[in-house]
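# Observations on chain architecture
For reference, the chains in residue letters:
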Amino acid sequence: MDEDVIEIAGQFYIRATSGRSDERTRVLKHDDTFGVFDRFGDVRPIASSEQGLFHRGTRHLSRLELRLGRDRSRALLLSSTVSDANEALTADLTNPDITGPDQQILLRRGILHILRMRFLWKGVCYERLRVANHGLSGVPVSLELLFDADFVDIFEVRGQARPRRGQMLPPAVDGDRCVLAYEGLDHVVRRTALRFSPLPDRLEPGRAQFDLTVEPQRAATIEMVIGCEEEGGPRFALFPPDDALAQSTQALRAQRGHQVQVEGRNEQLASWIRRSVADLHMMTSTTPHGPYPYAGVPWFSTAFGRDGIITAFQTLWWDASLARGVLAFLAANQAKDDNPQQEAEPGKILHETRTGEMAALGEVPFGCYYGSVDSTPLFVMLAGAYLERTGDVAFARTLWPHVERALGWMDRYGDRDGDGFIEYAQRGEKGLVQQGWKDSHDSVFHADGTLAEPPIALCEVQGYAYGARLAAAELAAALGKHAEADKLRARAARLRDAFAAAFWCDDLQTFALALDGHKRPCRVRSSNAGQCLWSGIATDEHARAVAATLLHPSGSSGWGIRTLAATEARYNPISYHNGSIWPHDNALIAAGFSRYGLMAEALHPFSALLAASAFLDLQRLPELYCGFERRAGEGPTLYPVACLPQAWAAGSLFMFLQALLGMRVRAAAREVRFENPVLPEGIDELRLRNLMVGDGSIDLLLERHPHDVGLTVLQRQGKVSAVVAL
C-alpha cells in the first residue's frame, strides 16, 4: 500500500488518498444533509476532495463555483466564517482587476463587495448573493455560477473503488430551474434541483449566467436554492429563503430552551463553550425516535451506536433529551437475528447505520452494522445513568426488555468461552477487524508490536460490562425486581475481582490493553486503561497508579493524553489510534480521575485541551490531532483527515466540566451534588442556568477560591437542593 495512504479501521472506514487541502473548510449540516465548502463558499472539483453538498450518504453537488467577468476570474477573499450558532456560512469577497478582450481594465480591483450567505434547512441549501458597487459609476457585472453533481457515494469520496456505477440521466432545464439526476444500481433515482431568482440571462446544464448592471452605492441580489432528494424518500419543500432561515432560527431557540446555559467569564473558555454548544446542535439530527447526535462530518455523518452513547453520556447533565433519543433509537434497532456479515446477534446494539447506494447494494456492510463490542454494555450503562438523571421510571420500564436482551447478548455471545470477559472476533468478510473504539487494524498488539490474535478482550470493555451490570441493577431495583438487582451486583463484584487478577500489570503500573485469544495480556501502556477508571472497575490503588502512568511525559504530550505511550513499539504520533490525541478519550479519562477523587489529575487534560482550542479554527476541537510533544508558541499538529466537527469532540467540554466539578444530578433525590469541585487558575467562576432536576430547576454560581470552590444558589424553582461535599 502507498505510504501516503492513511488506513483507519480496516478496509472501509477512512482510507484517504491524500490529506485535506491547505484551505480551511467551512461546514454546514442539518439532519441528513451536510455541506463542506472552501472559504470562498465554493465547491471545487478537486481530486479526492471531500467538498460537496451531501444528502443521505450521496454527494448531490460536486461543483459550485462563482466566477466573474469574461475571463471567469475567481473573486478575492476578504473573510469567511460560520456563525456562532452554526446556522449560516458567510463569505465576504471582492473583485480582482477585470479586463476586456484587449486586456484593458474594465473594473478595478476592490470596487465590488460580494456577500455570500448560505444555510441548510430540510434537505435544501439556500444561498443569497449580494453584489454591491462602491464605485462612482454604474458597473456592468457578468457573474457565473458553475455547478455539477457526480452523485458518488460517501465511501467513493473516501477512495473506495467500485467496479461499476449507475448512469447519469439527461439534465433538464426549465425556466429558472435545472435538474441533475442519476439512477443508481439500486434503481433509485437521486436528483439535485437548482432554482435561481431572478431568472438567469443564460441557464444551461452546469452553468447559470447573470449580466447585471449595478449602480453606484447600490446592490443587486441573486438567490439560489438547491434541493436534494431521492426517489422513494422524503421530498424537499422549497421555502422562501427568509422563511426557511426564520424556521431554522426558531428551531434552534426551541432546542436551547431546555438545555443548561453554561457561562464562563474566561473568554477562552467562553469561546470553547459557544462552539461546542453550536457543534452539538448542528450534529444532532431528528429521527422518528427523537434527537440523535450524528458522529462527525464528513465521513461519519450518520447514527453510530458508540459515538451516540458516549456523546449522550457527556451531555447528560446538560441536555438529557439527547440520551433519551439515543436510547430510543438504539432500542428500536437492536439486533434480533444472527447475521455474520452484519456482525448481528440477538440483543446486540447497533454500531452504525448508513444510507446511500453502496450500503443498499451491500457493497459495504454498514447499512445496518453491529460490529462493535462495546455499544451493547454502553447502552445498558446509559439507560441506568438516564434514570438517575431524570427519574423517568416510565421510560425505564419501556427500556427494560431491551436491557435484558443486551445483558443476554453479553452472557451468550459476548462471552462465548464463559471466562467472564467479553471478547470479539471478526465474523463477516467485509466488516471491521478491530471492534473496540480503537478500530484501526493495528490498534491491539503485544509489547513487541505483534498484533494480538482474536478473540480479543479489551480492558475498557470489561469496565463497561462492570458498569452495565451495576446500571442494570439500579434499573431492576427501580422496577421492583430486587432479586435480579442483587444477582447483577454480585456478578459485577466477581467481574471486578477477576479483572484485577487478569489485566493488572504491576511492572507497567497500568492495565493491559487486552487479552488475546490465548488469554495472554497485551502488556502495552495505552489510554484504554484510563477508561477503566471512568467505569469504576479499578481499585483505588490501581486508579492512582494508572493516573500517574497516563500523566507521565510518555503518555501526556502537553496537548492531552495520547492514545498510546511514546514508549510502546507501535507508537506513532501521526497514527489514528497509536499515539494521537482524542478529545473524547481525554474527557472520559478526566471523568475517571474525578470518580476516584483525583481532582488535580483531572485538571491536566482539561487545561491541555483548553489551551489547544485557542489555536484551532473557530475554537473547534477536531475528532483527533497528532500526539507530538507541545512546543512553545505553536498549536497542536492537525491530523490530515480528522472529522470536523465531531459530536463526541464537541461533547467533551461538558464531560470535562462535570469531572472538574464532581457533579452528579439525582432526580429522585432532587439534588445536584458537587464532590470536591475544582476550577483551574484563570477560571474564577462558572454559572449554570436552567439546570433542570425533575420538575424543578436551579441556577448556580461556582467561584474559585484558593483552596476550594464556593457555591451560590442564584435562583431556584421547585424543590431542588445543591450540595458541596469536600
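Here, the structure is the one placed above.
Residues numbered from 1 in each chain as written. Predicted model: local features only at pLDDT ≥ 70, side-chain atom pairs only at ≥ 80, totals over all residues. Heavy atoms only, no water.

### Brief notes about the overall build of the chain
Assigned secondary structure in the chain consists of 16 helices and 35 strands. Expected size for 726 residues packed as a compact globule is a radius of gyration near 27 Å; at 27 Å, the chain falls within 12% of this value. When the backbone C-alpha atoms are referred to their principal axes, the chain occupies close to 85 × 60 × 50 Å. Per-residue burial for the chain yields a buried fraction of 59% across its 726 residues. Partitioning the intrachain contacts of the chain with sequence separation of at least 6 by distance along the chain shows that 65% fall at a separation of at least 24. (Helix = DSSP H or I, 4+ residues; strand = E, 2+ residues; numbered from the N terminus. Rg over C-alpha atoms; globule rule 2.2 N^0.38 Å. Buried < 20%, exposed > 50% of the residue type's maximum accessible area, 1.4 Å probe, protein only. Contact = heavy atoms within 4.5 Å.)

### Describing the pattern of salt bridges
Enumeration according to the criterion identifies 53 salt bridges in this entry. Through salt bridges with shared partners, a single network forms among Asp38, Asp42, Arg44, Arg63, Glu65, Arg67, Arg74, Arg116, Arg118 and Glu127. (Salt bridge = Lys/Arg side-chain N within 4 Å of Asp/Glu carboxyl O.)

### Examining the nonpolar core
In terms of nonpolar packing, the biggest core is built from 179 residues, with Val262, Trp317, Phe379, Trp534, Phe606 and Val672 touching the most fellow members. With residues near it in sequence (within four places) discarded, Val672 still touches Met663, Arg664, Val665, Leu691, Val693, Ile698, Leu700, Val720, Ser721, Ala722 and Val723. Residues Leu93, Leu112, Leu194 and Phe196 belong to the second largest nonpolar core, which totals 45 residues. (Core = buried A, V, L, I, M, F, W, Y, C linked by side-chain atoms within 4.5 Å.)

### Observations concerning the side chain of Arg116
Position of Arg116 relative to the elements: it lies in strand E12 (residues 112-121). Within the structure, the side chain of Arg116 is placed 3.1 Å from the backbone oxygen of Phe40, a separation counted as a polar contact. Only 2.8 Å separates the side chain of Arg116 from the side chain of Glu127, close enough to count as a polar contact. (Polar contact = N/O pair within 3.5 Å; in protein donor to acceptor, adjacent residues only side chain to side chain.)

### Observations regarding unusual backbone geometry
Residue Pro298 follows Val297 across a cis peptide bond; omega there is 5°. The residue after Pro454, namely Pro455, is reached through a cis peptide bond having omega -5°. When you line up the elements, Pro455 lands in the loop between helix H8 (393-414) and strand E26 (457-458). You will see that Asn86, though not glycine, has its phi angle at about 65°, which is positive. Positionally, Asn86 belongs in the loop between strand E8 (76-82) and strand E9 (89-94).

### Observations regarding the pairing of strand E6 (residues 58-61)
As paired elements, strand E5 (residues 52-55) and E6 share three bridges and run antiparallel to each other. For Leu53, the partnering residue across the bridge sits in E6 and is Leu61. Hairpin connection, E5 to E6: the antiparallel pair is bridged by two residues, and Arg56 has positive phi, about 50°. (Pairing = 2+ DSSP bridges.)

### Observations regarding the packing of H8 against helix H9 (residues 459-478)
Here H8 crosses H9 at 140°, and the two axes come no closer than 10 Å. Of the possible angle classes, the one that applies to H8 and H9 is oblique. Judged by the sense of rotation from one axis to the other, the crossing of H8 with H9 is left-handed. Of the residues in H9, those in contact with Val393, Ala396, Trp400, Val403, Leu407, Met410 and Asp411 of H8 are Ala465, Ala468, Arg469, Ala472, Leu475, Ala476 and Ala478. For the contact of H8 with H9, the per-class residue count stands at 12 nonpolar, no polar and two charged. (Axes fitted to C-alpha atoms, helices over the stretch in contact; angles between N-to-C directions. Parallel < 35°, antiparallel > 145°, perpendicular 65-115°, else oblique. Left-handed = near helix turned anticlockwise from the far one by under 90°. Nonpolar A, V, L, I, M, F, W, Y, C, P; charged D, E, K, R; others polar.)

### Observations concerning the sheet that holds strand E4 (residues 33-37)
Within a sheet, adjacent strands bond to each other through the backbone by hydrogen bonds, running parallel or antiparallel. Across the sheet, which stays open at both edges, the four strands sit in the order E3-E4-E5-E6 with antiparallel pairing between neighbours. Unpaired on one side and paired on the other, strand E3 (26-30) and E6 mark the two borders of the sheet. The sheet shows a mean angle of 25° between the axes of neighbouring strands, direction not considered.

### Remarks on the layout of surface pockets
Taken as a whole, the largest pocket holds about 1,300 Å³ of empty space. Lining the largest pocket are 38 residues, and of these Ala385, Glu388, Arg595, Gln658 and Arg664 lie nearest its centre. Of all elements in the fold, only helix H7 (375-390), H9, helix H11 (528-535), helix H13 (583-595), helix H16 (652-661), strand E30 (663-666) and strand E31 (671-675) reach the threshold of two or more residues within the lining of the largest pocket. Within the lining of the largest pocket, the residues separate by chemical class into 19 nonpolar, nine polar and 10 charged. (1 Å grid on protein atoms, 1.4 Å probe; cavity = no way out; pocket = protein on both sides within 12 Å on 5 of 7 lines; lining within 4 Å. Points joined across faces, edges and corners; volume = space filled by probe spheres on them.)

### Digging into the packing of aromatic side chains
As enumerated under the stated definition, the model contains 26 aromatic pairs in all. With centroids separated by 5.0 Å and ring planes inclined at 10°, the aromatic side chains of Phe119 and Tyr126 adopt a geometry described as stacked. Taking the relative accessible area as the measure of exposure, Phe119 reaches 2% and is therefore buried. Judged by centre distance (5.5 Å) and plane angle (75°), the ring pair of Tyr386 and Phe395 falls under edge-to-face. Both residues of the pair, Tyr386 and Phe395, belong to the buried class. Every member of this aromatic cluster is reached through a ring pair, and the members are Phe421, Phe499, Phe503, Trp504 and Phe511. Note that Arg118 overlies the ring of Phe37, its terminal NZ or CZ placed 4.4 Å from the centroid. A cation over a ring is seen here: Arg158 above Trp299, with NZ or CZ 3.5 Å from the ring centre. (Phe/Tyr/Trp six-rings, centres within 6.5 Å; stacked < 30°, edge-to-face > 60°. Lys NZ or Arg CZ within 6 Å of the ring centre and 35° of its normal.)

### Quick notes on the side chain of Ser526
Position of Ser526 among the secondary structure elements: in the loop between strand E29 (514-515) and H11. Judged by relative accessible area, which is 4%, Ser526 ranks as buried. Of the polar contacts made by the side chain of Ser526, one reaches the side chain of Asn528; its length is 3.2 Å. Excluding its chain neighbours within four sequence positions, the residues that come into contact with Ser526 are Lys438, Leu513, Leu550, Thr563 and Leu564.

### Some points on H13
Compared with the 18 Å implied by 1.5 Å per residue over 13 residues, the 18 Å span of H13 between its first and last C-alpha is a close match. Among the 13 residues in H13, 12 count as buried, and that is most of the element. Looking at H13, one finds that the buried residues are Pro583, His584, Asp585, Asn586, Ala587, Leu588, Ile589, Ala590, Ala591, Gly592, Phe593 and Ser594. Along its buried surface, H13 packs onto helix H4 (305-315), H11, helix H12 (540-551), helix H14 (599-613), helix H15 (647-650) and H16. Positive phi appears at Gly597, one or two residues downstream of H13, with a value of about 75°. (Expected span 1.5 Å × (residues − 1).)

### Regarding the pairing of strand E21 (residues 261-264)
Residue alternation in E21 divides its side chains into a buried set, Val262 and Gly264, and an unburied set, Gln261 and Glu263. Strand direction decides the pairing type here: E21 and strand E32 (residues 685-693), joined by four bridges, are antiparallel. Pairing of Val262 across the sheet is with Leu688, part of E32.

### A few points about the sheet that holds strand E16 (residues 177-183)
Strands sit in the order E8-E9-E12-E13-E20-E17-E16-E15 across an open sheet of eight strands; the sheet is antiparallel. Two strands close off the open sheet at either side, each with one partner strand: E8 and strand E15 (167-174). Across the sheet, the axes of successive neighbouring strands diverge by a mean angle of 15°, strand direction being ignored. As judged from the six bridges shared by E9 and E12, these two strands associate in the antiparallel manner. Looking at the pairing, Thr90 lines up with Met117 of E12.

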